[in-house]
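The lines below spell out each chain.
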Amino acid sequence: MMKYLLKNGTVISGTEMKKADILIQDEKIAEVGKNLKAEDARVLDVTGKLLFPGFIDGHTHFDLEVAGTVTADDFETGTKAAILGGTTLVIDYASQDKGGHTLGEGLEKWHKKADGKCSCDYSFHMSIVEWNEKTEEEIQDMIDHGITSFKLYMTYPAMMVDDKDMYKILKKLAKCGCFAGVHCENAGVIDALIDQAKKEGRTGPENHPLVRPDTLEAEAVHRLLVIAREAGAAVMVVHLTNRKAYEEILRARAQGQTVYAETCPQYLLLEDSVYSKPDFGGAVYVCAPPIRKKEDQDCLWEALKKEEIQTVATDQCSFTLEQKALGKDDFTKIPGGLPGVQTRGTLLYTYGVRAGKITEEQMCRLLSENAAKLYGVYPRKGALLPGSDADIVVFDPEKESVISAKTHAYNTDNNPFEGFALHGGIDKVFLRGNLAVEDGELKKEKLGMYISRGKKQL
């Protein structure tokens, strides 16, 4: 395998930026330091570039059945877009099916979807949708397979668990040293608001945020945290969108609870006016929870700055315009989700770091280090240290481009960030020492391997 020596770059960690060289050998980082030499290495001068640990996206949905269709991006196209965006590890959501199916069957199904197709490394969380003695016994099987984080839904009939099972699951996970990420929305009241909208003949996408208001996310976060406290369990609130829900997290933390939080670029950069775009244009932005208001964006950026939110993931879940049109006459039938894996890093750099909202070190924590620690892969991933996997993003802080569906790598004909200007771009990406992306182009495909994970370290 080729040896590489990256010279004169700025190495970024969660705590510092320093000028240093990096020597890559046999899939690992061999050395980090000044004036390194290696006779037999290919030398790459990365003067002026920022060297980040490979980004980790802890929230993706590839090849997922949603609303009578399947996401436009499977593990092959989705992980190509991911690595082009500097993401070297995705953690997708495998799921048990309702109706007496086991976690093991869900895991096998997801391995079939992913194995041999991925251009970045991959792992799985496991979604638990039914709880019984058999499921409880299987938790240890999942841990043995390197799955140490789980997913619970408080909405969606096919996925939802009730409060009783939520308590039992969280208690069991806590006992095993694991935790769950939870989708928090109040399903019952949402259904009542949907019924009301339909009765009034309101069928367009502009009604989507109206039937899933911020109060119903905040209520579900509150209920989750009460249950978690009774169960003595750490939990993560995934895709946090608004101030009211965020304040529930702060209150629980003030009482000594361990609560992690994740948000996504769409909640940092888009406003709910997108749902009113003409000609059914709002359908592109339908996701749950919905995009919120400017004051919620401001709150989330402030939370990132204060390090009250641990990770920025994408909730990647992409559809074509034709697929979105399944809800042309009924907004509740629009498949929910957006693409995001290709632009998460460049958007966070452009609108976060360059705008003075967060630092480069915080960007490293939000995209790499914290996720690696939360999901039990640090320091193998999420760090540029001797012995770490040589997953490296060579980031050009001066590269400029504009996001467009015409040029992105997703298998879709739309992009929620269409027209967003980027100041900062991905120059090269190493995946376990392989130069997978060079000059912003994919050079090596399907090098991804399944990553077995340990327990959280954060």
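See above for the structure.
In what follows, the accompanying structure is described. (Residues numbered from 1 in each chain as written. Predicted model: local features only at pLDDT ≥ 70, side-chain atom pairs only at ≥ 80, totals over all residues. Heavy atoms only, no water.)

1. Re helix α13 (residues 360-374)
Line of reasoning, step 1. Over its 15 residues, α13 runs 20 Å from end to end, which matches the ideal 21 Å to within 8%, given 1.5 Å per residue.
Line of reasoning, step 2. At Leu 366, α13 is deflected by roughly 50°, the largest bend along its length.
Line of reasoning, step 3. Taking burial as the measure, the 15 residues of α13 include 15 buried ones, the bulk of the element.
Line of reasoning, step 4. Phi turns positive, to about 70°, at Gly 376, one or two residues after α13. (Helix = DSSP H or I, 4+ residues; strand = E, 2+ residues; numbered from the N terminus. Expected span 1.5 Å × (residues − 1). Bend = angle between axes of the 7 residues up to and from the residue. Buried < 20%, exposed > 50% of the residue type's maximum accessible area, 1.4 Å probe, protein only.)

2. Observations regarding the environment of Arg 251
Line of reasoning, step 1. Among the structural elements, Arg 251 can be located in helix α8 (residues 243-254).
Line of reasoning, step 2. Classification of Arg 251 as partly exposed rests on a relative accessible area of 47%.
Line of reasoning, step 3. Sequence-wise, Arg 251 and Arg 292 are 41 residues apart; in three dimensions their C-alpha atoms are separated by 21 Å.

3. Structural notes on the pattern of salt bridges
Line of reasoning, step 1. Overall, the coordinates contain 34 salt bridges when judged by the stated rule.
Line of reasoning, step 2. A salt bridge links Asp 389 to Lys 381, with the nearest nitrogen and oxygen atoms 2.8 Å apart.
Line of reasoning, step 3. The exposure class assigned to Lys 381 is buried, which follows from its relative accessible area of 2%.
Line of reasoning, step 4. In this structure, Glu 441 engages Lys 443 in a salt bridge whose closest nitrogen and oxygen atoms are separated by 3.9 Å.
Line of reasoning, step 5. Sharing partners across several salt bridges, the network here consists of Glu 27, Lys 28, Asp 121, Arg 380, Lys 381, Asp 389, Asp 391 and Arg 432. (Salt bridge = Lys/Arg side-chain N within 4 Å of Asp/Glu carboxyl O.)

4. Notes on empty space enclosed by the protein
Line of reasoning, step 1. Applying the stated criterion across every chain yields a total of one cavity of 30 Å³ or more.
Line of reasoning, step 2. Looking at the largest cavity, its volume works out to about 40 Å³.
Line of reasoning, step 3. Lining the largest cavity, in full, are Ile 56, Gly 58, Glu 262, Thr 311, Val 312, Ala 313, Arg 344, Leu 366, Leu 367, Ala 371 and Tyr 375.
Line of reasoning, step 4. Of all the secondary structure elements, the ones that give two or more residues to the lining of the largest cavity are β6 (55-60), β15 (311-312) and α13.
Line of reasoning, step 5. With three residues, α13 is the single largest residue contributor to the lining of the largest cavity. (1 Å grid on protein atoms, 1.4 Å probe; cavity = no way out; pocket = protein on both sides within 12 Å on 5 of 7 lines; lining within 4 Å. Points joined across faces, edges and corners; volume = space filled by probe spheres on them.)

5. Observations concerning the sheet that holds strand β13 (residues 235-237)
Line of reasoning, step 1. Strand order in the open sheet formed by eight strands is β6-β9-β10-β11-β12-β13-β14-β15, and the pairing between neighbours is parallel. Taken across any chain shown, the strands that pair with only one partner, and hence form the sheet edges, are β6 and β15.
Line of reasoning, step 2. Pairing geometry for strand β12 (residues 179-183) and β13, over three bridges, is parallel. From the neighbouring strand, Ala 180 faces β13, where its bridge partner is Val 235.
Line of reasoning, step 3. Sheet strands touched by helix α12 (residues 344-353): β6, β9 (87-95) and β15. Its angle to β6, the strand with the most contacts, is close to 110°. (Pairing = 2+ DSSP bridges. Contact = heavy atoms within 4.5 Å. Axes fitted to C-alpha atoms, helices over the stretch in contact; angles between N-to-C directions.)

6. A few points about α8
In an α-helix, one turn spans 3.6 residues, which is why side chains three or four residues apart end up on the same side.
Line of reasoning, step 1. Here α8 is 12 residues long and its end C-alpha atoms lie 16 Å apart, about the 16 Å a rise of 1.5 Å per residue gives.
Line of reasoning, step 2. Those residues of α8 not exposed but buried are Ala 245, Tyr 246, Glu 248, Ile 249, Ala 252 and Arg 253. Buried residues of α8, viewed axially, fall in a sector of 155°; they line one side.
Line of reasoning, step 3. The elements touched by buried residues of α8 are α7 (214-231), β13, β14 (259-263) and α10 (294-305).
Line of reasoning, step 4. For α8, the capping residue at the N-terminal end is Asn 242, with a side-chain oxygen 3.0 Å from the backbone nitrogen of Lys 244.
Line of reasoning, step 5. Directly beyond the C-terminal end of α8, a positive phi value near 95° is found at Gly 256. (Arc of directions from axis to C-beta. Polar contact = N/O pair within 3.5 Å; in protein donor to acceptor, adjacent residues only side chain to side chain.)

Function cannot be inferred from these measures alone, as they are strictly geometric.
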